[in-house]
Amino acid sequence: MGSETSTGTGTTTTATYDEHADWYNEFMSPGTAGEYIQRVHGTLEELLGPGEGTCLDVCCGTGAHAPVLGGLGWAPVGVDLSGGQLRYAVGRLPVVRADATALPFADASLPAAACVLAHTDVPDYAAVLREIARVLRPGGRFAHLGVHPCYIGAFADWSDLPRIVVDERYADRSRSFDAWNPAGVRARVGAWHLPLADLLNATTAAGLRLVRTAETGPGGIPDLFGFLAVKP
């Protein structure tokens with residue numbers, strides 16, 4: 001499930017999570033998300049690792065991941081487009097309301113950045129990656145963690161576990177509101193699909209160097225995919 005809030009097409013960007021902010025804050029709470037959010041945060045810790053200085057929480061949503069970044073020694077600062085979600089985030093970390101494709105930070109000014117459960121919420125994640133690469137210092141770290149591009153989406157049928165059926169919609173990169181969970185995030189705000197190759201190619205094209213990747217999921221079926229990249 002994603003926590004990024006900027007969605008739109010062309011030159012118009014809108015915050016589609018605003019009307020769902022109260023629900024999403026509860027949905028992402030440890031008491032509700034349970035084992036899932038524990039795996040998200042555990043994988044984020046493994047990928048990013050400890051450090052000092054500012055870590056930009058790109059598409060921070062309600063700030064649910066700020067405690068993890070702070071626990072690693074970083075000073076998290078959040079950026080998101082949704083004023084509704086930032087009402088919750090402001091109590092968890094310093095925030096700025098802005099579009100992730102136009103980050104309000106100077107070139108080569110930050111030592112680290114993370115984007116967690118958000119890449120399917122923006123129509124052009126490649127543009128977000130370019131902005132992250134722009135604001136990172138040489139040697140800066142970037143941790144990406146999101147739903148698994150190969151197994152989570154409108155194209156993936158989870159109704160017959162442990163078998164997952166992936167259909168031809170895997171090649172469809174458009175936004176979809178189809179979801180196996182009608183009460184979940186995707187049925188409410190939709191998702192843009194980004195195939196695995198597109199995600200990795202966009203990362204390297206932005207000028208970031210992949211260091212490691214990670215997969216995790218229940219019963220050995222990965223529903224999360226992440227990577228650590230650095231700016232050379």
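Our subject is the structure that appears above.
Procedures and definitions
- Residues numbered from 1 in each chain as written.
- Predicted model: local features only at pLDDT ≥ 70, side-chain atom pairs only at ≥ 80, totals over all residues.
- Heavy atoms only, no water.
- Core = buried A, V, L, I, M, F, W, Y, C linked by side-chain atoms within 4.5 Å.
- Buried < 20%, exposed > 50% of the residue type's maximum accessible area, 1.4 Å probe, protein only.
- Helix = DSSP H or I, 4+ residues; strand = E, 2+ residues; numbered from the N terminus.
- Contact = heavy atoms within 4.5 Å.
- Arc of directions from axis to C-beta.
- Phe/Tyr/Trp six-rings, centres within 6.5 Å; stacked < 30°, edge-to-face > 60°.
- Pairing = 2+ DSSP bridges.
- Axes fitted to C-alpha atoms, helices over the stretch in contact; angles between N-to-C directions.

### As for the nonpolar core
Here's step 1: Within the largest apolar cluster, 29 residues are counted, with the highest numbers of intra-cluster contacts made by L56, V58, C115, Y125, V128, I132 and F142.
Here's step 2: Residue assignment for this core shows that the elements contributing at least two residues are β3 (54-58), β4 (75-80), β6 (110-116), α6 (125-135), β7 (136-147), α8 (196-205) and β13 (224-230).
Here's step 3: With residues up to four places along the chain from it excluded, the contact list for F142 reads A113, A114, C115, Y125, L129, I132, L136, L208, F227, L228 and A229.
Here's step 4: Of all hydrophobic cores here, the second largest spans 27 residues; its members include Y24, I37, L47 and L48.

### Regarding α8
Here's step 1: Looking only at α8, the buried set comprises L199, A202 and T203. On an axial view of α8, the arc spanned by its buried residues comes to 100 degrees, and they lie on one face.
Here's step 2: On its buried face, α8 is in contact with α6, β7, β12 (209-216) and β13.
Here's step 3: Looking one or two residues beyond α8, the residue adopting positive phi is G207, at roughly 100 degrees.

### Overview of the packing of aromatic side chains
Here's step 1: Tallied over the full model, the rule gives three aromatic pairs.
Here's step 2: Relative to F227, the ring of F142 lies with its centre 6.0 Å away and its plane at 75 degrees, an arrangement referred to as edge-to-face. Separated by 85 residues along the polypeptide, F142 in strand β7 and F227 in strand β13 bring together distant segments of the chain.
Here's step 3: Classification of F142 as buried rests on a relative accessible area of 0%.

### Section: the sheet that holds β6
Here's step 1: If you trace the seven strands from one edge of the open sheet to the other, you get β5-β4-β3-β6-β7-β13-β12, paired in mixed fashion. Two strands lie at the open edges of the sheet, namely β5 (95-97) and β12, each paired on one side alone. Geometrically, the sheet is characterised by an average inter-axis angle of 15 degrees between neighbouring strands, direction not taken into account.
Here's step 2: Direction of pairing for β7 relative to β13: antiparallel, over a ladder of seven bridges. For G146, the partnering residue across the bridge sits in β13 and is F225.
Here's step 3: With respect to the sheet, helix α3 (residues 35-48) is in contact with β3, β6, β7, β12 and β13, its orientation differing from that of β7 by roughly 155 degrees.
Here's step 4: Its contacts with the sheet put α6 on β3, β6 and β7, and the angle it makes with β7 is roughly 150 degrees.

In short, the description is geometric, and any link to function would need to be established separately.
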